[in-house]
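What the coordinates show
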Amino acid sequence: MSNAPHGGQLKDLLVRDAHLHDQLNEEARSLKDIFLTERQLCDLELIMNGGFSPLEGFMNEADYLSVRDTLRLAKVDGQRQGTLFPMPITLDVSQSSIDALSIAPGARIALRDPRDESALAILTVSDIYSPDKAAEAEAVMGADDPAHPAVTYLRNSTHEFYVGGSVQAIKAPTHYDYVALRYTPAELRAHFQKVAWRKVVAFQTRNPMHRAHRELTVRAARQRRANVLIHPVVGLTKPGDVDHYTRVRAYQALMPGYPEGMAHLALLPLAMRMAGPREALWHAIIRKNFGATHFIVGRDHAGPGKNSQGKDFYGPYDAQELVAQYKDELHIEMVPFQAMTYLPGTDEYQPVDEVAKGTPTADISGTELRKRLRTGAAIPDWFSYTGVVKVLRESYPPRPKQGFTILLTGLHNSGKDTIARALQVTLQQQGQRSVSLLLGEELRHDLSTEIEVHPTPEEKHVNLLRIGFVASELTKAGAAVIAAPTAPYTRSRKAMREQIAGQGGNFFLVHVATPLEWCEKVDRRGLYKRARNGEIKGLTGVDEKYEEPTDADLVCDLREDTVPEIVHSIIMILEAQSLL
Ligand code: ADP
């Protein structure tokens with residue numbers, strides 16, 4: 001099996017003599033800039049290091065249309081047909097950028113990393129064109145359906161013009177995480193040569209690996225008498241996936257489980273499109289460029305899940321079929337697998353097509369696994385490995401270890417602060433996590449010093465956003481947060497809920513609904529009196545509206561309930577959610 005790069009030559013644009021490198025860097029200083037998006041950054045890295053060989057830049061219109069409609073680059077002189085390439089690799093820009101940067105054919109533009117503003121490459125513009133997004137979605141993703149993450153991206157995040165052109169590399173984007181595990185195609189090829197691996201079967205993944213995946217790779221290696229490259233994606237994957245830090249730690253925990261010298265782990269900074277069959281073909285080409293000779297395509301490769309009608313976008317083996325169609329010109333051999341399933345009788349994994357009818361099987365779905373992580377329920381040894389489960393549990397602590405925020409909202413003197421303090425000591429007595437108390441009055445001294453004692457409505461809103469930010473960070477870190485500002489507006493409370501719950505954090509709203517008359521009656525500081533006299537303005541309940549929440553997890557009233565009773569009710573809510 002040859003392991004020549006796709007198109008015959010590795011387009012490693014990062015190899016430059018120092019002099020030219022300095023010249024380009026110098027030139028970039030005088031050019032207009034494009035700050036790349038996360039996806040463009042991933043694409044550029046793989047264009048520059050040769051992962052996308054034979055590409056040497058972002059596609060021009062001819063290549064784009066040809067790739068979209070025929071899965072091939074445009075034909076070049078003397079070629080019978082264009083080189084196979086199933087995925088459009090395009091640089092999208094807005095009309096305003098085109099105007100501001102004077103982007104026109106022949107222009108040279110510096111492509112910059114938005115994180116450190118460094119110049120990564122110079123693009124020489126060949127053309128600017130406007131894509132037909134509906135046609136692109138239909139052709140590449142198979143449907144113009146917003147349930148597909150790449151269609152949503154195309155519709156919502158992709159600008160209206162594409163700029164084609166070749167790039168001259170200045171440097172690869174700087175990474176600070178797992179640097180030793182990141183290889184360019186040239187580096188990985190050199191590694192294979194060093195360890196004398198002639199046959200290498202690559203395994204693509206965007207998920208934590210469990211026993212099924214290890215068995216899959218070992219089977220592939222055994223069948224083809226090859227070594228294994230575990231080549232997970234650490235660029236963009238499907239929204240909602242396990243973050244790559246957790247995944248890489250899980251892969252690292254798994255690797256010692258392979259026989260010594262059998263497998264190697266390398267990370268791929270790819271921005272996946274979840275385009276199923278086309279994606280599988282693209283993945284195969286990329287792995288070929290990285291020096292692999294074989295590539296595993298299992299069940300539902302790079303599948304985006306269900307469409308708007310609740311049906312799978314692609315059939316479970318569509319990806320295998322498409323890759324098989326291009327077998328003769330691909331020059332990397334696909335190793336296809338049907339779904340791996342566990343046979344409890346013999347304690348082994350087998351592809352379903354090899355399992356004798358009537359044999360009992362077992363599986364744990366992704367949803368079930370997430371549930372077990374959430375509740376802390378056991379994850380059996382037949383499913384995963386102790387080291388992998390430990391890593392996942394650290395990133396997805398069970399509920400008794402998760403943080404939460406309780407927002408107490410209500411009028412001045414409604415009893416919020418008293419309840420908050422009582423709840424604080426109750427939780428402190430319980431132990432388990434650190435407790436943070438964010439009282440409205442105190443926060444104004446620390447977090448919002450510029451805000452007047454009697455803030456304007458906008459200041460009240462901004463103040464709650466700040467409290468929300470702090471609460472969200474603390475909740476993420478596993479703390480119990482009790483916040484007790486007045487929080488009179490629905491929009492502010494909604495924003496705070498979004499800040500915390502939007503990131504998967506636990507958030508509870510307690511409305512301390514003690515009536516105004518009672519709050520006024522027990523007003524030792526005379527706040528209400530001064531507001532009634534007109535001495536102070538904007539007191540909630542007097543000349544400022546308090547918008548009653550309709551989404552409270554608990555409504556309480558100090559006239560009717562005692563503080564210990566209210567605290568007990570809150571504790572019961574936390575207990576019911578398995579947080580205590
Ligand atoms: P993606 O295909 O989106 O990268 P995964 O990381 O889940 O997502 O899968 C990696 C590879 O492993 C794919 O080729 C997929 O088809 C295959 N695969 C994953 N789980 C199984 C399984 N239980 N049986 C067979 N193949 C599987």
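Because the structure is predicted, anything quoted here is derived from the model rather than measured.

One open sheet accounts for five strands, arranged β15-β16-β14-β17-β18; its pairing is parallel. Looking at strand neighbours, the two that pair on one side only are β15 (435–439) and β18 (554–556), the edges of this open sheet. Here the strands of the sheet are splayed against their neighbours by 15° on average, with no regard to which way each runs. Note that β15 and strand β16 (residues 480–484) share five bridges and pair parallel.

Let's shift gears to the environment of Gly538. Position of Gly538 among the secondary structure elements: in the loop between α20 (527–533) and β18. In this structure, the C-alpha to C-alpha distance between Gly538 and Thr405, residues 133 residues apart in sequence, is 27 Å. Discounting chain neighbours no more than four positions away, the residues touching Gly538 are Lys460, Asp543 and Glu544.

What follows deals with the packing of aromatic side chains. Here the structure, examined in full by the defined rule, presents eleven aromatic pairs. Between Tyr342 and Tyr349 the ring centres are 5.3 Å apart and the planes differ by 50°, which places this aromatic pair in the tilted class. Exposure remark for Tyr342: the relative accessible area of 6% places this residue in the buried category. Judged by its relative accessible area of 4%, Tyr349 falls in the buried class. When the centroid spacing of 6.2 Å and the interplanar angle of 90° are considered together, the rings of Trp382 and Phe383 count as edge-to-face. Every member of this aromatic cluster is reached through a ring pair, and the members are Tyr342, Tyr349, Trp382 and Phe383. Sitting above the plane of the Tyr258 ring, Arg214 keeps its charged end 5.3 Å from the centroid. One residue, Arg493, lies across the ring of Tyr546, its end atom 5.7 Å from the ring centre.

With five of five residues buried, β16 is to be regarded as a mostly interior element. Burial along β16 is two-sided: Ala480, Ile482 and Ala484 facing one way and Val481 and Ala483 facing the other are all buried. In terms of strand pairing, strand β14 (residues 404–410) meets β16 through four bridges, oriented parallel. Bridge assignment links Thr405 to a residue of β16, and that residue is Val481.

Let us now look at the nonpolar core. If you look at the biggest cluster of nonpolar residues, it comprises 79 residues, and the most contacted ones within it are Phe52, Phe85, Ile89, Leu111 and Val167. Among the elements that take part in this core, helix α10 (residues 276–289) stands out by supplying six residues, more than any other. Leaving out residues up to four positions away in the same chain, Val167 has contacts with Leu13, Leu44, Ile47, Met48, Glu56, Gly57, Phe58, Leu111, Ala121, Ile122 and Leu123. Ranked by size, the runner-up nonpolar core spans 40 residues in total, among them Leu181, Val201, Ala221 and Ala362.

Contact pair helix α5 (residues 133–141) / helix α6 (residues 149–156): the axes reach a minimum separation of 10 Å and the direction vectors enclose 165°. Taken as axis vectors, α5 and α6 run roughly antiparallel relative to one another. Where α5 crosses over α6, the handedness of that crossing is right-handed. Residues Lys133, Ala134, Glu136, Ala137 and Met141 of α5 touch α6, and the partners they reach there are Ala150, Val151, Leu154 and Arg155.

Our next topic: the sheet that holds strand β7 (residues 200–205). If you walk across this open sheet you meet the five strands as β9-β8-β7-β10-β11, and the pairing is parallel. What marks the edges here is a single partner per strand, and that holds for β9 (263–265) and β11 (333–336). Direction aside, neighbouring strands of the sheet carry axes that sit 30° apart on average. Where helix α7 (residues 185–194) meets the sheet, it contacts β7, β8 (227–232) and β9, and its direction lies at approximately 160° from that of β8. In this fold helix α8 (residues 211–224) packs onto β7, β8, β10 (294–297) and β11, with an angle of close to 130° to the strand it touches most, β11.

Bringing the UniProt feature "site: Induces change in substrate recognition on ATP binding" (unreviewed entry) in the protein chain into the picture now. In the numbering adopted here, UniProt assigns the feature "site: Induces change in substrate recognition on ATP binding" (unreviewed entry) to Phe337. Dropping the residues within four chain positions of it, Phe337 is found in contact with Leu216, Arg219, Ala220, Gln223, Ile296, Val297, Gly298, Arg299, Tyr317, Gln320 and Pro351.

Here the focus is the pattern of salt bridges. In total, this model carries 27 salt bridges according to the counting rule given. Between Arg219 and Glu354 there is a salt bridge, and its shortest N-O distance comes to 3.2 Å. Within this pair, whereas Arg219 is found in helix α8, its partner Glu354 is found in the loop between β13 (348–351) and α13 (366–375), the two being separated by 135 residues in sequence. The class for Arg219 is buried, based on a relative accessible area of 15%. Residue Glu354 is classed as partly exposed on the basis of its relative accessible area of 44%. Residue Glu560 pairs with Arg559 through a salt bridge whose shortest N-O separation is 3.4 Å. The class for Glu560 is exposed, based on a relative accessible area of 59%. Taking relative accessible area as the criterion, Arg559 reaches 44% and is therefore assigned partly exposed. One salt-bridge network, held together by shared partners, links Arg211, Arg214, Glu215 and Asp347.

Take α8 next. With 14 residues, α8 extends 20 Å between its outermost C-alpha atoms, agreeing within 8% with the 20 Å of an ideal straight helix rising 1.5 Å per residue. Across the 14 residues that make up α8, a large majority, ten, are buried. Every buried residue of α8 is listed here: Arg211, Ala212, Arg214, Leu216, Thr217, Val218, Arg219, Ala220, Ala221 and Arg224. The first or second residue beyond α8 is Arg225, which carries a positive phi of 50°.

It is worth spelling out helix α17 (residues 457–476) at this point. With 20 residues, α17 extends 28 Å between its outermost C-alpha atoms, agreeing within 8% with the 28 Å of an ideal straight helix rising 1.5 Å per residue. Residues of α17 that are buried: Lys460, His461, Asn463, Leu464, Ile467, Gly468, Ala471, Ser472 and Thr475.

Conventions adopted
Residues numbered from 1 in each chain as written. Predicted model: local features only at pLDDT ≥ 70, side-chain atom pairs only at ≥ 80, totals over all residues. Heavy atoms only, no water. Pairing = 2+ DSSP bridges. Helix = DSSP H or I, 4+ residues; strand = E, 2+ residues; numbered from the N terminus. Axes fitted to C-alpha atoms, helices over the stretch in contact; angles between N-to-C directions. Contact = heavy atoms within 4.5 Å. Phe/Tyr/Trp six-rings, centres within 6.5 Å; stacked < 30°, edge-to-face > 60°. Buried < 20%, exposed > 50% of the residue type's maximum accessible area, 1.4 Å probe, protein only. Lys NZ or Arg CZ within 6 Å of the ring centre and 35° of its normal. Core = buried A, V, L, I, M, F, W, Y, C linked by side-chain atoms within 4.5 Å. Parallel < 35°, antiparallel > 145°, perpendicular 65-115°, else oblique. Left-handed = near helix turned anticlockwise from the far one by under 90°. UniProt positions renumbered as here; feature names shortened; annotations may be inferred. Salt bridge = Lys/Arg side-chain N within 4 Å of Asp/Glu carboxyl O. Expected span 1.5 Å × (residues − 1).

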